[in-house]
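# A look at the structure
So the chains spell out like this:
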Amino acid sequence: MHWSEELALKVIARNPNKEEYVCAAGISPSGSIHIGNFRDIATSYFVVKALRKMGKKARLLFSWDEFDRMRKVPANVAAVRDDYEQYIGRPYTDVPNPFADDPENETYAQHFEAEFERSIKRFGIEMDYRHQTEMYRSGKYAKHIIHALKERGRIFDILDSHRTQEAQPGEREAYYPVSIYCPCCGKDTTKITSLSENCEEAEYTCACGHSGHFNFTKDFNCKLAWKIDWPMRWLYEGVDFEPGGKDHASLNGSYDNAKDIAKEIFGYEAPLFQGYEFIGIKGQVGKMSGSSGLNMTPDLLLKLYQPEIILWLYSKTEPLKAFDFCFDDGILRQYFEYDKMLNEQRAGTLDEYGNAVLYNTEVEGRAPVTVPMGLLVQLGSVVDFNPDMLQTVFAKIGTPYTKADFADRVDRAKFWLEQCAPENVNRLRTNRNWEVYETLSDMEKEQISRLHALIAKGGYDLDGLNTELYAIPRTLIAEKGETIDEKALKALQGTFFKNVYKLLIDKEKGPRLYLFLFAINPEKYVGLLDFSYPMTEEEAKKPEAVVETTVVNNRGADDLPDEFPPVKDEIDLDTFDLVDLRVCQIVKAQEIRKSHSCLKLTLDDGTGEPRVIVSSIKQQYAIDELVGRKIIVIANLKPARLTGVTSEGMLLAATNHSCGCQLIFVDDSVPAGTVIH
């Protein structure tokens, strides 16, 4: 039985006679929605499908938490606007859209919501959307907010029971579970100073200097704190199932808090909850950096993966198990495994579990054709992804896939090759390679001359070109009256091909030469083979020396380095061995509420169990540039409680005014868990 079916049965068992089951998911539009957040939707979506398969009515409820306060400015927004710090504290729905090329959406929230919803449609997923700004400001939650205010003392006690720190004197009396958005500055930097006995009216002050009166029966520009808002919405919507990151599922985590508040304050039994593991990114992606504006969104992944394969990865992996999206050649293996399962299903040989996995991947109106992705990349690179030529080559090698067959994959294959494996892309030179040409022997130069004449004349077909290429060295030997054996002839032909590659693409090897030359428009390269006229001024110019550089953020305060301290006292190897240094991969990076400097990092340390550390690198590194990277951690450092989170170790970093704080990153080839000696 598929894991989603097991969850569906549990949902039914909790409330067997319910007319319609509600499976929920939700995301805050704080920026471009990361693919990791998609697991929230996929998990609920699969449970909805399982319920429907069992004959039950079910819907997928999706909440846009756009009424949340803006906490920080993401890198892609900061890249186009340098004045958005002023909006921190406002709800996302009240922040203007920073992107001038998106005039259709007025607000920050609308821009990122539209971006995500467009990609979701491509998965064929239908959701019942809730926009929390409308829900709050319409007054739909008013009575629940007043109820929470009346029960604020009990709510504080529940929250306090899940904390490790002792409550401070007066903290309970000063606690209010709701934040008021100031009508002057628009921010939630307000403080309630008094509350009426019936909890319907309050006096408040704001950090901007404004003071005011708020009537919770008529004024609705306020929001419950997250751990109260969540269970309140469970009650309002009648939610039966909702997943969340495994951090929410941890002991004393958000779900434990919300579950108790739901039952004790709102009288609602918390929905079935399923924690899920975080998603990894495997491989380096040359152009996909924060500075380039490319984010790990569903829309980006759809440039690499067909929607069915993204759903397949989520469906075949149990929620509490991790998996990777691959930007290295692992993606070719994933396509192969998906194709194998789909072909088995179509042949009627797939087992029950496999059929359940693929049931979740079906997208209405689509029927994937299992053209081997590895072969498509290989042959596509040979023929410059020319569709007509690809069709010809497929037929030539006995796999007669048509343009219609590979239409859905060819652009993805090209995108992967150019973005993820650019070292394998073949690019024609812009001028003749005299440096190589002048090293050739007279016979080798004549070979190039005859190839140029052949290409310039044209009139050949694919087989004819292949025959002529091999004939050029053979014909020249024969014209000289020389005789050589077949082995020596093959060596001459190999050298000829190598010279052609160097003259055209600056490589000694390349794709099958006859395919390459036939697929590309001859006008693009025939001139690179013509050395019948002298070197031009442009060609005579010596190319400027290329200095290989690595672009890094200058995170320091100035350019002058600190004075270096003297070397510490000597230690022996036994002492050094007491420190357990090991490689860990960052699988998730999160902000910590009310912490201006710290990030919570969830790591894979090779043990199979996640490790959490807290590090004060929030001002130096964006979350997107950390996830997937490998670092060195002191693994046996005594755990410490930092900003409300238990930190299980410390990462290694170099700190100096000339460079700021620079983490020590490890080559991606080193497995997580490797010990540093």
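Because the structure is predicted, anything quoted here is derived from the model rather than measured.

Rules and cut-offs
- Every chain begins its residue count from 1, and numbering advances along the sequence as written.
- The predicted nature of this model means local features are confined to residues of pLDDT at least 70 and side-chain atom pairs, given and counted, to a pLDDT of 80 or more, with totals for whole chains, interfaces and linings taken over all residues.
- Only hydrogens and water are removed before side-chain values are computed, so all heavy atoms of the structure are retained for them.
- A run of H or I in DSSP counts as a helix once it spans at least four residues, and a run of E counts as a strand once it spans at least two, with each numbered from the N terminus.
- Type-normalised accessible area, obtained with a 1.4 Å probe on protein chains alone, sets the label of each residue: buried when under 20%, exposed when over 50%, and partly exposed for intermediate values.
- Contacts between residues were defined by any pair of non-hydrogen atoms, one from each residue, lying within 4.5 Å.
- Angles here are taken between N-to-C directions and fall from 0 to 180 degrees, while the axes themselves are lines fitted to C-alpha atoms, restricted in helices to the stretch in contact.
- Here the word oblique covers every angle except those under 35 degrees (roughly parallel), over 145 (roughly antiparallel) and from 65 to 115 (roughly perpendicular).
- In this scheme the handedness of a crossing depends on how the near helix is turned from the far one: anticlockwise by less than a right angle means left-handed, clockwise means right-handed.
- Classification convention: Asp, Glu, Lys, Arg as charged; Ala, Val, Leu, Ile, Met, Phe, Trp, Tyr, Cys, Pro as nonpolar; all other residues, Gly among them, as polar.
- Salt bridges are identified by distance alone: a Lys or Arg side-chain nitrogen within 4 Å of an Asp or Glu carboxyl oxygen.
- Strand pairing is assigned whenever DSSP detects at least two bridges linking the two strands.
- Under the rule applied, a polar contact is a pair of N or O atoms within 3.5 Å (in protein, one hydrogen donor and one hydrogen acceptor; residues adjacent in sequence only if both atoms are side-chain atoms).
- Take the buried residues of types Ala, Val, Leu, Ile, Met, Phe, Trp, Tyr and Cys, join any two whose side-chain atoms come within 4.5 Å, and each joined set is a nonpolar core.

Looking now at the overall build of the protein. Secondary structure assignment for the protein yields 24 helices and 22 strands. Principal axes of the C-alpha set define a box for the protein whose edges measure 110 × 70 × 55 Å. Out of the 677 residues belonging to the protein, those deemed buried represent 48%. The contacts in the protein between residues at least 6 apart in sequence include a share of 69% that link residues at least 24 apart.

This part covers the packing of helix H12 (residues 307–316) against helix H14 (residues 352–359). The N-to-C vectors of H12 and H14 enclose an angle of 130°; their axes lie 8 Å apart at closest approach. On the basis of the axis angle, H12 is oblique to H14. Taken as a pair, H12 and H14 cross one another with a handedness that is right-handed. Contacts between H12 and H14 involve Trp-312, Ser-315 and Lys-316 from the former and Tyr-353, Ala-356, Val-357 and Leu-358 from the latter. Residue classes in the contact of H12 with H14 are distributed as five nonpolar, one polar and one charged.

Let's shift gears to the pattern of salt bridges. Taken as a whole, this structure holds 36 salt bridges when the rule is applied. Across the pair Arg-233 and Asp-229 runs a salt bridge whose closest N-O atoms are separated by 2.4 Å. Of this pair, Arg-233 and Asp-229 both sit in helix H8 (residues 226–237), four residues apart, which is roughly one turn of the helix. In this pair, the class of Arg-233 matches that of Asp-229, namely buried.

With that out of the way, let us pick up the pairing of strand E16 (residues 630–634). Consecutive residues of a regular strand have side chains that alternate between opposite faces of the sheet. The element E16 is largely enclosed, with a buried count of five among its five residues. Sheet topology places strand E13 (residues 581–591) next to E16; five bridges connect them, and they run antiparallel. For Arg-582, the partnering residue across the bridge sits in E16 and is Val-633. Examined bridge by bridge, E16 and strand E19 (residues 650–651) share two bridges and lie antiparallel to one another. Within E19, the position partnered with Ile-634 by the bridge is Met-650.

A few words on the side chain of Arg-432. If you trace the backbone, Arg-432 turns up in the loop between helix H17 (403–420) and helix H18 (434–437). With relative accessibility at 3%, the residue Arg-432 sits in the buried group. Only 3.0 Å separates the side chain of Arg-432 from the backbone oxygen of Pro-534, close enough to count as a polar contact. Among the polar contacts made by the side chain of Arg-432, one reaches the side chain of Glu-539 at a distance of 2.8 Å.

Counting residues in each nonpolar core, the largest one holds 111 residues, and the members touching the most others are Phe-38, Ile-41, Ile-125, Tyr-305, Tyr-314, Phe-325 and Leu-451. Setting aside residues no more than four positions away along its own chain, Tyr-314 makes contact with Trp-3, Ile-35, Phe-38, Arg-39, Ala-42, Phe-46, Ile-279, Phe-323 and Phe-325. Ala-148, Ile-180, Tyr-181 and Ala-202 belong to the second largest nonpolar core, which has 31 residues in total.

Across the interface, helix H1 (residues 3–14) lies against helix H2 (residues 38–53) with an axial gap of 8 Å and an inter-helix angle of 70°. Here H1 lies roughly perpendicular to H2, going by the angle between them. Once H1 is placed against H2, the crossing between them reads as right-handed. Contacts from Trp-3, Ser-4, Glu-5, Leu-7, Ala-8, Val-11 and Ile-12 in H1 reach Thr-43, Phe-46, Val-47, Ala-50, Leu-51 and Lys-53 in H2. Class assignment of the residues belonging to the contact of H1 with H2 gives a composition of nine nonpolar, two polar and two charged.

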